[in-house]
Amino acid sequence: MRITVQKFGGTSLANYEQRDRVCDIIQKTLESGSQTVVVVSAMGRKNDPYATDTLIQLVREVNPHPSAREMDLIMACGEIISGVVLTAQLNTRGIPARFFTGEQAGIVTDDQFSDAHIKYINPKNILACLKEGLVPVVAGFQGKSENGELTTLGRGGSDTTASALGVALHAEVVEIFTDVEGVMTADPRIVENARLLDDITYNEVCQLARDGAKVIHPRAVEIAMQGGIPLRVRSTFSDSAGTLITHQNHRQQDAVCIIRDRLITGVTYTSNIAQIKVNISQLDDKKGMELKIFKTLADNGISIDFISVQPELIMFTVLPDDSARTISILKNLGLDPEVEMNCAKVAVVGAGMTGIPGVMARVVEALTDNNIPILQSGDSYTNIWCLVKREHMEQAVKALHDKFELGNS
Ligand code: ADP
Ligand code: MG
């Protein structure tokens, strides 16, 4: 029997009408002769009553520094609520369904609260449910550690649940249903003429996701790639085919044709970053200062990014929540750091850009033509990123998207 895993994001489950659309999709899948395993996120987005952010807020209002263990317990409630409600709605529509928590679905993780990794899945309950002819509805984003603690998988973790179940059940495809048409050349909320990518390699979408395109979680892509299960990102609210993520081009029926990585796949952004600059030119004893800075921050559990070390200037970024602590640690080392709070990272991503001359020149041209100062920049084989002020982020994303002619004309 063919199995499809179908994951529905928060905006696809927010109200009765949307869930009815989800029920239609599930019904159609069953009618096509495939079995389906449904994975759900929490209902709605920030400020909706049962959304994950709302649940977090409920505890933080009482205690701004709650324990990670209890936070995972409350964060996992959102998926349980949405899964139970969807199961009830499926049953009223005459589609027999049964709800499973992550633990009941056999999802076993390591014991890293709020960012657990799935170690393995024992799908026996899900398989028994399918055998009974019921649709299993599984809470995304959660599992159980080998010590018996409930864990969550990090933001966007329901995608990971879906991929891992897809691999464990040898699914034909894992479908990620969301509120946009598929994976696009940029976030369509910012770039109006962003283009839908019909097919894309695991590698390309992983780069986009790691650089901020939150349409799919990068870990979900890695798991599907390792398990050789195709992913499809598509809209709950339209019938379009969305984006197929695979190694191969399946549209060629007779021949298997490997998709080439594009020169540039898309433009991404990360909006909430603080830049720290430490000028060490005035110090009497500069020797070893870089090491001292990085080591002390690491000892204090502060994660830093976009590191640039020059003879007299050290720059890096931190999450805004860590900036005050970072500054006080640096001052304790006798340094005089500067902080630029409202920064954003924009990146041009393309697994095929390696060794192609002129990409950086075009990035700089796009931003300087729009009078957008570049605060810092860097590159790897697959991307070029620039740090800009938050207020310039949207304009920078649009300018880069235009410069590389990625949009629908
Ligand atoms: P869900 O709740 O369905 O998981 P998410 O908010 O996690 O939804 O992901 C979908 C959102 O990802 C879209 O609404 C869109 O704004 C955003 N997004 C960012 N970059 C891209 C991109 N390159 N292509 C498509 N969507 C993107
Ligand atoms: Mg998501």
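Residues numbered from 1 in each chain as written. Chains lettered and ligands numbered in written order. Predicted model: local features only at pLDDT ≥ 70, side-chain atom pairs only at ≥ 80, totals over all residues. Heavy atoms only, no water.

Caption draft 1: Fine view of the packing of aromatic side chains. One pass over the full model with this rule turns up three aromatic pairs. Measuring from ring centre to ring centre gives 4.7 Å for phenylalanine 8 and phenylalanine 177, while their planes differ by 15°; the resulting arrangement is stacked. Highlighted residues: phenylalanine 8 in strand 1 (residues 3-8) and phenylalanine 177 in strand 9 (residues 173-178), separated in sequence by 169 residues. Among the residues examined, phenylalanine 8 registers a relative accessible area of 0% and is labelled buried. Ring centres of phenylalanine 294 and phenylalanine 316 lie 6.1 Å apart, and the angle between their planes is 70°; on these two criteria the pair is classed as edge-to-face. With phenylalanine 294 in helix 9 (residues 289-299) and phenylalanine 316 in strand 17 (residues 313-318), the pair connects residues that are 22 residues apart, well separated along the chain. (Phe/Tyr/Trp six-rings, centres within 6.5 Å; stacked < 30°, edge-to-face > 60°. Helix = DSSP H or I, 4+ residues; strand = E, 2+ residues; numbered from the N terminus. Buried < 20%, exposed > 50% of the residue type's maximum accessible area, 1.4 Å probe, protein only.)

Caption draft 2: Fine view of the site of ligand 1. Taken together, 18 residues sit near ligand 1, with Arg45, Thr178, Asp179, Asp187 and Arg189 positioned nearest. Taking arginine 189, its side chain carries an N or O atom lying 2.6 Å from an oxygen atom of ligand 1. Within the side chain of lysine 214, a nitrogen or oxygen atom sits 3.2 Å from an oxygen atom of ligand 1. Its free accessible area being 580 Å², ligand 1 has 92% of it covered by the protein chains. (Near = heavy atom within 4 Å. Polar contact = N/O pair within 3.5 Å; in protein donor to acceptor, adjacent residues only side chain to side chain. Areas by Shrake-Rupley, 256 points an atom, 1.4 Å probe, with all protein chains shown as cover.)

Caption draft 3: Spatial organisation of the layout of surface pockets. Computed from the structure, the second largest pocket encloses a volume of approximately 310 Å³. If you trace the second largest pocket, you find 18 residues lining it, with Gln6, Ile25, Thr29, Glu175 and Arg234 closest to the centre. Where the lining of the second largest pocket is concerned, the elements lending two or more residues are strand 1, helix 1 (16-31), strand 9 and strand 11 (231-235). At five residues, the largest contribution of residues to the lining of the second largest pocket is made by helix 1. Of the residues assigned to the lining of the second largest pocket, the class counts are three nonpolar, seven polar and eight charged. (1 Å grid on protein atoms, 1.4 Å probe; cavity = no way out; pocket = protein on both sides within 12 Å on 5 of 7 lines; lining within 4 Å. Points joined across faces, edges and corners; volume = space filled by probe spheres on them. Nonpolar A, V, L, I, M, F, W, Y, C, P; charged D, E, K, R; others polar.)

Caption draft 4: Spotlight on the packing of helix 7 (residues 202-210) against helix 8 (residues 218-227). Running from amino to carboxyl end, helix 7 crosses helix 8 at an angle of 160°, the nearest separation of the two axes being 8 Å. Accordingly, the angle class assigned to the pair helix 7 and helix 8 is roughly antiparallel. Crossing angle aside, the handedness with which helix 7 passes helix 8 is left-handed. Each of Tyr202, Val205, Cys206, Ala209 and Arg210 in helix 7 lies in contact with helix 8, whose residues at this interface are Pro218, Val221, Glu222, Ala224 and Met225. Grouping the constituent residues of the contact of helix 7 with helix 8 by class yields eight nonpolar, no polar and two charged. (Axes fitted to C-alpha atoms, helices over the stretch in contact; angles between N-to-C directions. Parallel < 35°, antiparallel > 145°, perpendicular 65-115°, else oblique. Left-handed = near helix turned anticlockwise from the far one by under 90°. Contact = heavy atoms within 4.5 Å.)

Caption draft 5: Structural detail: a nonpolar patch on the surface. Taken together, the side chains of Met360, Val364 and Ile374 make up a nonpolar region of the molecular surface, amounting to roughly 190 Å² of accessible area. Mapped onto the fold, valine 364 is located in helix 11 (residues 359-369). We classify valine 364 as partly exposed; its relative accessible area is 30%. (Patch = residues over 30% accessible without salt bridge, like charges linked within 9 Å, V, L, I, M, F, W, Y side chains within 5 Å. Salt bridge = Lys/Arg side-chain N within 4 Å of Asp/Glu carboxyl O.)

Caption draft 6: Structural detail: the sheet that holds strand 15 (residues 266-279). Spatially, 16-17-15-18-20-19 is the arrangement adopted by the six strands of the open sheet, whose pairing is antiparallel. The open sheet is flanked by strand 16 (305-309) and strand 19 (376-379), the only strands paired with a single partner. On average, each strand axis in the sheet is inclined to that of its neighbour by 25°, with strand direction left out of account. The pairing of strand 18 (residues 338-349) with strand 20 (residues 383-389) spans seven bridges and is classified as antiparallel. Looking at the pairing, valine 349 lines up with asparagine 383 of strand 20. On the sheet, helix 12 (residues 393-403) packs against strand 15, strand 18 and strand 20 and is oriented at approximately 125° with respect to strand 15. (Pairing = 2+ DSSP bridges.)

Caption draft 7: Local environment of unusual backbone geometry. Even without a glycine there, the phi angle at serine 114 is positive, about 70°. Here serine 114 is to be found in the loop between strand 4 (107-109) and strand 5 (118-121). Residue classification places serine 114 among the partly exposed positions, given a relative accessible area of 38%. Positive phi is not limited to glycine here, since asparagine 371 has a value of about 55°.

Caption draft 8: Structural detail: a negative patch on the surface. Residues Asp336, Glu338, Glu340 and Glu391 make up a contiguous surface patch of negative charge. Summarising the element assignment, aspartate 336 is placed in the loop between helix 10 (323-332) and strand 18. A relative accessible area of 60% places aspartate 336 in the exposed class. (Lys, Arg positive; Asp, Glu negative; His and termini not counted. Charge placed at Lys NZ, Arg CZ, Asp CG, Glu CD.)

Caption draft 9: How the structure looks around the sheet that holds strand 2 (residues 35-40). Here eight strands make up an open sheet; going across it, the order is 3-6-2-1-9-11-12-10 and the pairing mixed. Looking along the sheet, the strands with just one partner apiece sit at the ends: strand 3 (97-100) and strand 10 (199-201). Each adjacent strand pair in this sheet contributes to an overall mean axis angle of 20°, direction not counted. Note that strand 1 and strand 9 share five bridges and pair parallel. Bridge pairing in strand 9 places threonine 4 opposite valine 173. Helix 4 (residues 77-92) rests against strand 2, strand 3 and strand 6 (135-139) of the sheet, and its axis sits at about 175° to strand 3. The sheet contacts of helix 5 (residues 124-131) involve strand 1, strand 2, strand 3 and strand 6, and relative to strand 6 the element is tilted by about 150°.

Caption draft 10: Just the nonpolar core, in detail. Among the nonpolar cores identified, the biggest contains 43 residues, and Val37, Ile126, Val138, Ile216 and Ile245 are the most heavily contacted of them. By residue number, the principal contributor to this core is helix 7, which donates five residues. Excluding residues that lie within four positions of it along the chain, valine 138 makes contacts with Val37, Val38, Val39, Val40, Phe99, Phe100, Ala105, Ile126, Thr161 and Leu165. (Core = buried A, V, L, I, M, F, W, Y, C linked by side-chain atoms within 4.5 Å.)

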